Amino acid sequence: MTSTQQPPAPDGSESTSLLAGTDLPDPIGTRIVLIGAGRFNELHQLPATRRNVEDLADLITAAWNLPVANCTVLRDPASPRDLSRAVEEAAKEATDTLLVYYAGHGLIDWSGHFHLAVRSSERESVHDTAVPYAWVKEHVEKSRAERRIVILDCCYAARAFGLQSDSALFEVAGTYVLAAASETATAVSPPGEEFTAFTGALLTVLRNGVPGLPRYLDLDSIFRRLSKELTLSNRPQPSKQSRDHLDRAPFIKNAAYAPSGDAPLPPVPAQQRPPAETSGTGTPPPSRTSVTSKAAAVPRRTANIPDGKPIPLMQRKAVRLVGLAAAALALLLGGYSVFSVSPEDSPQIRQIHGKGTIKVGVKADQPGLAIETTPGQWQGFEIDLAYNIAAGLGFPRHKVKFRAVKTKDRDRLLQSGEVDFVLATWTMDGSQATKARKHASAPLSFVGPYFKTSLSALVWGTEEGVASVEGIDDIREYDRGLICTAVGSTSEDYLKKEDVDHTTKASYQQCWDDKNVHVVITDEIILAGLNQVNDYRTGEGEEAKKGHVIRLAGTVESYGVGLIADDPIFEYLTCRAIPKDWESNVSTNLEEMAKKHLDSEWTRPTVKFPECSRLDAWKYKMRNFFF
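For clarity, every value in this text was computed on a predicted model and none was experimentally measured.

Enquirer: Would you take a moment to explain the overall build of the protein chain for this structure?
Expert: Each helix and strand counted, the protein chain has 20 helices and 24 strands in total. When burial is assessed residue by residue, the protein chain has 57% of its 627 residues classed as buried. Taking contacts inside the protein chain between residues at least 6 apart in sequence as the whole, the part at least 24 apart equals 75%.

Enquirer: Would you explain the environment of Gly481 in this entry?
Expert: Take Gly481: it is sitting in the loop between helix H14 (472-475) and strand E20 (483-486). For the pair Gly481 and His518, spaced 37 residues apart in the sequence, the C-alpha separation amounts to 8.6 Å.

Enquirer: Even after reading the chapter, I still don't get the pattern of salt bridges, so can you show me in this structure?
Expert: Working definition: two side chains of opposite charge can pair if their charged atoms are close together. On inspection of all chains with the given rule, the structure shows 33 salt bridges. Between Glu88 and Arg81 there is a salt bridge whose closest N-O contact spans 3.0 Å. Residue classification places Arg81 among the partly exposed residues on the basis of a relative accessible area of 37%. Residues Lys505 and Asp514 are paired through a salt bridge, measuring 3.4 Å at the closest nitrogen-oxygen approach. By relative accessible area, Lys505 is classed as partly exposed at 26%. Of the residues examined, Asp514 reaches a relative accessible area of 21% and is grouped as partly exposed. Here the salt bridges do not stand alone but share partners, grouping Arg50, Glu54, Arg75, Asp76 and Arg397 into one network.

Enquirer: Just checking my understanding: could you explain the packing of aromatic side chains for this structure?
Expert: For any pair of aromatic rings, the description consists of the separation of the ring centres together with the inter-plane angle of the planes. Following the criterion strictly, the structure yields 11 aromatic pairs and no others. Centre to centre, the rings of Trp378 and Phe402 are 5.6 Å apart; their planes meet at 40 degrees, and the pair counts as tilted. A residue pair is termed long-range when its members are at least 10 positions apart, and Trp378 in strand E15 (residues 377-379) and Phe402 in strand E16 (residues 400-404) qualify at 24 residues. On the basis of relative accessibility, which here comes to 15%, the residue Phe402 falls in the buried class. Between Trp426 and Phe446 the ring centres are 4.8 Å apart and the planes differ by 80 degrees, which places this aromatic pair in the edge-to-face class. Residue Trp426 is located in the loop between strand E17 (421-422) and helix H12 (431-437), and its partner Phe446 is located in strand E18 (residues 444-453); the two are separated by 20 residues in the primary sequence. Residues Trp426 and Phe446 agree in their burial class; the two are buried. The structure contains a cluster of three or more aromatic residues connected by ring pairs, namely Phe381, Tyr450, Phe451 and Tyr559.

Rules used in this analysis
Residues numbered from 1 in each chain as written. Predicted model: local features only at pLDDT ≥ 70, side-chain atom pairs only at ≥ 80, totals over all residues. Heavy atoms only, no water. Helix = DSSP H or I, 4+ residues; strand = E, 2+ residues; numbered from the N terminus. Buried < 20%, exposed > 50% of the residue type's maximum accessible area, 1.4 Å probe, protein only. Contact = heavy atoms within 4.5 Å. Salt bridge = Lys/Arg side-chain N within 4 Å of Asp/Glu carboxyl O. Phe/Tyr/Trp six-rings, centres within 6.5 Å; stacked < 30°, edge-to-face > 60°.

Here you go:
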């Protein structure tokens, strides 16, 4: 067991790894969890953590040729269980390498125990509002992974070592903990900088490499260089703890490596982020170095797509000659690789990868759910869910392109191939979805539900005037031109069924923008966002009038992801992504809005997530495998 202080190399130079010639982490057996806790109800905000996790995700997945689905990026976890669950799931799946990274507030409870903050954490009630680090430690120790790495960018991070008590150190082989600050020191997030101090320095080392060192950088060399970078900038010094020489195992290719006699390689320019990934000012960030081009030598059996080329296919002719008997033998000898399902097993997903990007149909004017705030800048619950689904299909964030859709056009754009899947408050059992399932030439299927809500009415009027509106019978008394909904929606079907005369427009926002409209009918969560952006709409000299959301009893709307039918692998991978970070996603995008514009006691809906049929996906894989 090494100490937290790294001994100098015998000659005072950077040490070299004893394992520098061995392999990097195996992509198939590796799982990484990157947690950026930057938004809090009571603690001060740390906006740089979001950029931390996004850049680390891009860098590490490229360097290790890691399938995007094997990298979980958790932004602003809402509750202790959100954070713990993400680590637990990755720890159970990892067999080669497990990497857990956290950036946020480190907190200490009244008894001195170390905790990691989440959105709901309170400084006066740390013990029951934050995540005990012991939870993370336990999941990491129980993992089957041969290499377990924990990186903590938070105050008092070295308390993860067990307050320097030997009995509290990790009890299993192959563990490494890197801490941004000592047991009593605070970490730093400099105002105006795009990264926290520690992670910014770490990214610099990983991107630029270390001149004079071997082809691979081990954790020991990274730690030494990181310490120098932080010392030069007069920032807190990191600490580390390792067991069984994991600090000497290769971690990443050295971007500055040059064979003997050659000049050192210059830093590799980073790819410029697209507009959707730029900073809030809309100005592209400064050029940064990257190790992306250095990852080509790692054996490839992943869903990552270099240079936009399709995923390599298996040699099917040879497989056909071997036949089913060979498949049975393969299941006995190496069942995991044959029985597993990945994006490369789907012809449809391979075709999308061949285009280089994946296009997602979303609404552009539904705050909280999906909205284009500025050209190319998207945010909302369905936007974050789309990124998770795309990751499961093998697409990093910068390969995801959003296309604004209207309610009436969702099915057509998907059937025509203009979008690859649709996340647009699409009710799974509504008339449009039912018709789309039965389409003669391009039937659709739906995976879900991923959210449940009910129909409601957004009524414009004074507090006193709206108090008398309690349900659909009261709304029926309004004139036809005063009631509006979107054409092709389930709310249009509902109004027809209830024999309520009304008008229709292309979107709910267009309904509300019409000064003649006093009532907009659609799902209550959509109306909460509509009311948030257009809170008051009162005429000059009039008593204050605003929108009031009135629930319509007996209605349930279950949203599903729209896909082209007959691809069980696409459906299975989409299904698996739906529960991922769901509670945190709702808390980040919907909860505050719903409590303000629906009900102060609003709670997250109970959603029974779909069961994911791996067997159907595997059968589909085998049909394509042999035929």
